[in-house]
Amino acid sequence: MLSASAGPAAAVPVVVLAAAVLHAVWNALAHRIQDKLVGFTLINLAYTACAVVLVVLNPVPAAGAWPYLIVSVVTEVTSQVLLLRAYQLGDFGQMYPIARGAAPLLVAVLSVTVLGQGLGAGELLGVLVISCGLLGLAFAKGIPGRAQLPALGAAAGTGVMIAAYTVLDGSGVRHAGTVGGYVAWLFLLQGPCLVLIVWLRRGRALFAGVGGSVVPLGIAGGVLSLTAYGLVVWAQSRGNLATIAALRETSIVIAALIATVVFRERLGRLRMTASATVLAGIAVLELARP
């Protein structure tokens, strides 16, 4: 794992964009597994196993980081439960952007009001442009009807949880003294929670009839999930939370492409325009960087 002091600040945008690609891919893998309970269970088992190794290889986070870690685990498990429900009820191309779309703006508000992190005019403009583009992607298929409200509620709730744990982890890692140790304990603590929740619901029948291709997909999803968030937490230890959150959610653009190419969901003119808006917002952010 990278240490909190490693790497120049200029690497932060590249690292976050790489994490965005990995995040979109692991979510696509999770959605591709027909039985979502099995898929999310395999993903959590995979990154829990990776976390055990990382816990051994990295220092224990400092005492000041543990309150953030514990609350973050609760919010991240809640976000997974909500995202799982959203994927059970809705299309990947719509649920993923709704879940991710509002988070950058919420993080920007929280980082300024709660953490006192300042945003320059150019950075604020970039965050707003990216947020508008992401919301455009979320609602490219129109406003959902009443029948879609449960899926919409689950996806929107996921977005709120994402904003919450982004701020928590952005603060917690700065108290931890170790990025690797913080990420390792975060995944080690949260991984078994969802597995237990699913096990209580499904029991021993959970893996009954699971095909041979499902297990590799789940394991790959878990490894990618841990890697993606590890990169984000490293970036949070060095950069501004609002701009990192905005860049991170460009995974929605990647997800839109995956939805079109892999899941054969229609891209459409509005979705293309929204994607271009996101890219314009990234350019504004980069130009605004000191």
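A. Structural detail: the packing of helix 1 (residues 12–32) against helix 10 (residues 241–248). Look at helix 1 against helix 10: their axes get within 8 Å of each other, and the N-to-C directions meet at 40 degrees. In this view, helix 1 runs oblique relative to helix 10, as classed from their interaxial angle. The element helix 1 and its partner helix 10 pack so that their crossing is right-handed. For the pair formed by helix 1 and helix 10, the contact residues are Val12, Pro13, Val16, Leu17, Ala20 and His23 on the first element and Ile244, Leu247 and Arg248 on the second. Here the contact of helix 1 with helix 10 is composed, by residue class, of seven nonpolar, one polar and one charged.

B. Just the confidence of the model for the protein chain, in detail. Of the residues in the protein chain, 93% have a pLDDT of 70 or more, and the chain-wide mean is 84. Predicted confidence is poor over residues 1–6, with pLDDT under 50, and the contacts of this stretch with residues over four places away or in other chains come to 17 contacts.

C. A look at the nonpolar core. Of all hydrophobic cores here, the largest spans 75 residues; its most connected members are Phe92, Tyr182 and Phe187. The leading source of residues in this core is helix 2 (residues 36–57), at nine residues. When near neighbours in sequence (up to four residues on either side) are disregarded, Phe92 contacts Ala24, Asn27, Ala28, His31, Tyr87, Pro97, Ala255, Ile258, Ala259, Phe263 and Glu265. Formed by five residues, the second largest nonpolar core is a distinct cluster that contains Val107, Val167, Leu241 and Ala245.

Rules used in this analysis
Residue indices begin from 1 for each chain and proceed along its sequence in written order. With pLDDT at 70 or above as the cut-off, local features in this predicted model cover only qualifying residues; side-chain atom pairs require 80 or more to be listed or tallied, and sums for whole chains, interfaces and linings still use all residues. To get the side-chain values, all heavy atoms of the structure are used, and hydrogens and water are removed first. Here an axis means a line fitted to C-alpha atoms, over the contact stretch when the element is a helix, while the angle between two N-to-C directions is reported on a 0 to 180 degree scale. Each helix corresponds to a stretch of at least 4 residues labelled H or I by DSSP, and each strand to a stretch of at least 2 residues labelled E; elements are numbered beginning at the N terminus. Angle categories: roughly parallel below 35 degrees, roughly antiparallel above 145, roughly perpendicular from 65 to 115, and oblique for all the rest. Crossings are classed by handedness, with left-handed meaning an anticlockwise turn of the near helix from the far one by less than a right angle and right-handed meaning a clockwise turn. Here a residue-residue contact requires only that any non-hydrogen atoms of the pair lie within 4.5 Å. Note on residue classes: Ala, Val, Leu, Ile, Met, Phe, Trp, Tyr, Cys and Pro are nonpolar, Asp, Glu, Lys and Arg are charged, and everything else, Gly too, is polar. For every residue, the pLDDT score states the predictor's confidence, bounded by 0 at the bottom and 100 at the top. Remark: nonpolar core denotes a set of buried residues (Ala, Val, Leu, Ile, Met, Phe, Trp, Tyr, Cys) joined through side-chain atoms within 4.5 Å. The cut-offs for exposure are 20% and 50% of the maximum accessible area for each residue type, with area from a 1.4 Å probe on protein chains only; residues under the lower value are buried, those over the upper are exposed, and the others partly exposed.

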